[in-house]
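# Structural overview for review
Below are the chains, spelled out letter by letter.
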Amino acid sequence: EAGVAQSPRYKIIEKRQSVAFWCNPISGHATLYWYQQILGQGPKLLIQFQNNGVVDDSQLPKDRFSAERLKGVDSTLKIQPAKLEDSAVYLCASSPWTGGTDTQYFGPGTRLTVL
Amino acid sequence: AQSVTQPDIHITVSEGASLELRCNYSYGATPYLFWYVQSPGQGLQLLLKYFSGDTLVQGIKGFEAEFKRSQSSFNLRKPSVHWSDAAEYFCAADMEYGNKLVFGAGTILRVKS
């Protein structure tokens, strides 16, 4: 079974530029998550999708971050414009929907450096 | 505020020695609890989870964890550490039973030969 795929693996941009990350979850997983992991901290949930609908985006900085999952499969996370403090690893995870608490499977992440 | 605390940022153990990584949570009820491991350049891999029932949980790679309600703790243990266990370990809690994980800051494990 293929795992969660993310691209690119690394990205370096200047502040105020825009950037996009892509995630393809495990086939059949209805729930998709984006996390931000700043160096020295644990992952923080940014947004959670159930199929193509948003379940929770309370910690997503909506003035600069956006995410979509149009067909309920893969997803993109965008930052526009980027700030220095956005430097982090962005992790995508997916889980099946069983109606309860499900195991989340994580991708390798995209390491973003904002200069 | 709901939180997960891992008091140890770094731990170094000798290969073959026993290991215990600490995790405490702050929440009114008992959350669902998880331990994940992250190797460099890799995503997080689930080691074990606790939802209810037996408070001693067995996981993969020889790890186990014990839930102690009185101490609000969920410590991870391994009787004999291997060099390949060197990685960062994260404790996480789902405090709303809705797949919304709150992670601790992680503990970096170093294994010396």
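Here is a short report on the structure shown in this document. Since we're looking at a predicted model, the values are computed, not measured. Numbering of residues starts from 1 in each chain and follows the order in which that chain's sequence is written. Here the convention is simple: chains get letters from A, ligands get numbers from 1, in the order in which they are written. With pLDDT at 70 or above as the cut-off, local features in this predicted model cover only qualifying residues; side-chain atom pairs require 80 or more to be listed or tallied, and sums for whole chains, interfaces and linings still use all residues. Based on all heavy atoms of the structure, the side-chain values leave hydrogens and waters out of the count.

### What to know about the layout of surface pockets
The computed volume of the largest pocket comes to approximately 580 Å³. Detection works on a 1 Å grid of protein atoms alone, calling trapped sets that fit a 1.4 Å probe cavities and calling open sets with protein on both sides within 12 Å along at least five of seven lines pockets, with lining residues defined by an atom within 4 Å of a point. Around the largest pocket, the lining is made up of 28 residues, and of these Leu39, Val89 and Arg111 of chain A together with Gln38 and Glu88 of chain B lie nearest the centre. Each helix is a run of H or I in the DSSP string that is no shorter than four residues. Each strand is a run of E no shorter than two, and both are numbered from the N terminus. For the lining of the largest pocket, the secondary-structure elements that each account for two or more residues are β9 (88–95) and β11 (110–114) of chain A together with β10 (87–94) of chain B. Ranked by residue count, the leading element in the lining of the largest pocket is β11 of chain A, at 4 residues. Residue polarity is assigned by list, with Asp, Glu, Lys and Arg as charged and Ala, Val, Leu, Ile, Met, Phe, Trp, Tyr, Cys and Pro as nonpolar; anything else, Gly included, falls into the polar class. Per-class residue counts for the lining of the largest pocket are 13 nonpolar, 12 polar and 3 charged. Roughly 420 Å³ of internal volume is contained in the second largest pocket. The wall of the second largest pocket is formed by 22 residues, among which Lys44 and Gln59 of chain A together with Leu101, Val102 and Phe103 of chain B lie closest to the centre. Secondary structure elements with two or more residues in the lining of the second largest pocket: β5 (44–50) of chain A together with β1 (3–5) and β11 (101–103) of chain B. Each residue belonging to the lining of the second largest pocket can be placed in one class, and the counts come to 10 nonpolar, 8 polar and 4 charged. Grid points are joined across faces, edges and corners, and a volume is the space filled by probe spheres set on the points.

### Brief notes about the pattern of salt bridges
By definition here, a salt bridge exists when the distance from a side-chain nitrogen of Lys or Arg to a carboxyl oxygen of Asp or Glu is within 4 Å. Scanning the model with the defined rule gives 6 salt bridges over all chains in all. Note that Asp86 of chain A and Arg64 of chain A form a salt bridge whose closest N and O atoms lie 2.5 Å from each other. Of the two residues, Asp86 of chain A sits in the loop between β8 (75–79) and β9 while Arg64 of chain A sits in the loop between β6 (53–56) and β7 (65–68), which places them 22 residues apart along the sequence. Each of the two residues, Asp86 of chain A as well as Arg64 of chain A, counts as buried. Of the charged contacts in the structure, one is a salt bridge between Arg77 of chain B and Glu66 of chain B, with a shortest N-O distance of 3.0 Å. Only protein chains enter the accessibility calculation, which uses a 1.4 Å probe. A residue is then buried if its area is under 20% of the maximum for its type, exposed if over 50%, and partly exposed in between.

### Regarding the packing of aromatic side chains
Stacked, tilted and edge-to-face pairs are distinguished by plane angle, under 30 degrees for stacked and over 60 for edge-to-face with tilted covering the rest, among Phe, Tyr and Trp rings (Trp via its six-membered ring) whose centres lie within 6.5 Å. For the coordinates displayed, the defined rule picks out 16 aromatic pairs over all chains. Ring centres of Phe106 of chain A and Tyr36 of chain B lie 5.4 Å apart, and the angle between their planes is 80 degrees; this geometry places the pair in the edge-to-face category. Placement of Phe106 of chain A in strand β10 (residues 105–106) and of Tyr36 of chain B in strand β5 (residues 32–38) is noted, with the two residues assigned to different chains. Tyr36 of chain B sits in the buried class, given a relative accessible area of 0%.

### A look at unusual backbone geometry
All names here are of chain A. A cis amide bond, omega -10 degrees, links Ser7 with the succeeding residue Pro8. The topology assignment puts Pro8 in the loop between β1 (5–7) and β2 (10–13). Of note, the amide linkage connecting Gln80 to Pro81 takes the cis form, showing an omega dihedral of -5 degrees. Inspection of the secondary structure assignment puts Pro81 in the loop between β8 and β9. Despite not being glycine, Asn51 has its phi angle at roughly 55 degrees, a positive value.

### Observations concerning the sheet that holds strand β3 (residues 19–24) of chain A
Residue and element names in this part refer to chain A. A pair of strands is labelled paired if DSSP reports no fewer than 2 bridges between them. Read from one edge to the other, the open sheet built from 4 strands follows the order β1-β3-β8-β7, with strand pairing classed as antiparallel. The two strands at the open ends of the sheet, each matched to only one other strand, are β1 and β7. Ignoring which end each strand starts from, the neighbouring axes of this sheet average 15 degrees apart. Two elements, β3 and β8, share 5 bridges in a ladder whose sense is antiparallel. Bridged to Ala20 within β8 is Lys78. Axis definition: a line fit to C-alpha positions, over the contact stretch in the case of helices; interaxial angles, taken between N-to-C directions, run 0 to 180 degrees.

### Some details on the state of the cysteines
All names here are of chain A. Pairs of cysteine sulfur atoms within 2.5 Å are identified as disulfides in what follows. Using the criterion set out here, one finds 2 disulfides over all chains in the structure. Note on cysteine connectivity: Cys23 is disulfide-linked to Cys92, with sulfurs 1.9 Å apart. As the torsion about the S-S bond is roughly -70 degrees, the Cys23-Cys92 disulfide counts as left-handed. One end of the pair, Cys23, is in strand β3; the other, Cys92, is in strand β9, and 69 residues separate them in sequence. Relative accessible area serves as the criterion here: at 0%, Cys92 is assigned to the buried category.

Geometric descriptors of this kind do not, in isolation, establish any biological role.
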